[in-house]
Amino acid sequence: MSVLLTASAALLVGLGFALQQLFQDVISGILIIIDQSLHVGDIVEVEGKVGRVLEIKLRTTRVVTRNNRVMVIPNHKFMLDTLFNWTQNSFTNREQVDVGVAYGSDVELVKKYYYNVQKKNRK
């Protein structure tokens, strides 16, 4: 009888360790839904990868990248790692791009061209 109890206890401990990740994902999913820190349509960055949230489930969140690839992210990643939600405050995003210009270039002409391009992009 003690052999049977020992074997079942070992089996249950192993099962507990195996289900630990699942429970962590489910609890994280519930917290994401309650906290509303993430919504469908948000643009997020996780582990250096940027994408738009397609759906949020209890265990996983699906994100489509710029290359139209779907990433299935376990929800515990959002609780453990740094998450950048680029659209939580507003759907307007701003990026900074450094542009190099050759030495001796007409700086005023470059500025004029740059501002004209910016005006076109805003329309």
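Residues numbered from 1 in each chain as written. Predicted model: local features only at pLDDT ≥ 70, side-chain atom pairs only at ≥ 80, totals over all residues. Heavy atoms only, no water.

A.B. asks: I'd like to hear about the nonpolar core, residue by residue, with values.
C.D. replies: Residues Ile-32, Leu-38, Val-44, Val-46, Val-53, Val-63, Met-71, Ile-73 and Phe-78 constitute the largest nonpolar core, which totals nine residues. Those elements giving two or more residues to this core turn out to be strand S1 (43-46) and strand S4 (70-74). Discounting residues that sit within four places of it in the chain, Val-46 has contacts with Ile-73, Phe-78 and Leu-83. (Core = buried A, V, L, I, M, F, W, Y, C linked by side-chain atoms within 4.5 Å. Buried < 20%, exposed > 50% of the residue type's maximum accessible area, 1.4 Å probe, protein only. Helix = DSSP H or I, 4+ residues; strand = E, 2+ residues; numbered from the N terminus. Contact = heavy atoms within 4.5 Å.)

A.B. asks: So what's going on with the pairing of S4? Which residues, and what values?
C.D. replies: Of the two faces of S4, only one is covered, namely that formed by Met-71 and Ile-73; the face formed by Val-70, Val-72 and Pro-74 stays uncovered. The hairpin turn running from strand S3 (residues 60-65) into S4, its antiparallel successor, is four residues long, and Asn-68 in that turn takes a positive phi close to 65°. (Pairing = 2+ DSSP bridges.)

A.B. asks: Run through unusual backbone geometry, naming residues and quoting values.
C.D. replies: You will see that Gln-36, though not glycine, has its phi angle at about 55°, which is positive. In this structure, Gln-36 sits in the loop between helix H1 (2-35) and S1. Positioned with a positive phi, Glu-47 is a non-glycine residue whose angle comes to about 55°. Along the polypeptide, Glu-47 turns up in the loop between S1 and strand S2 (49-56).

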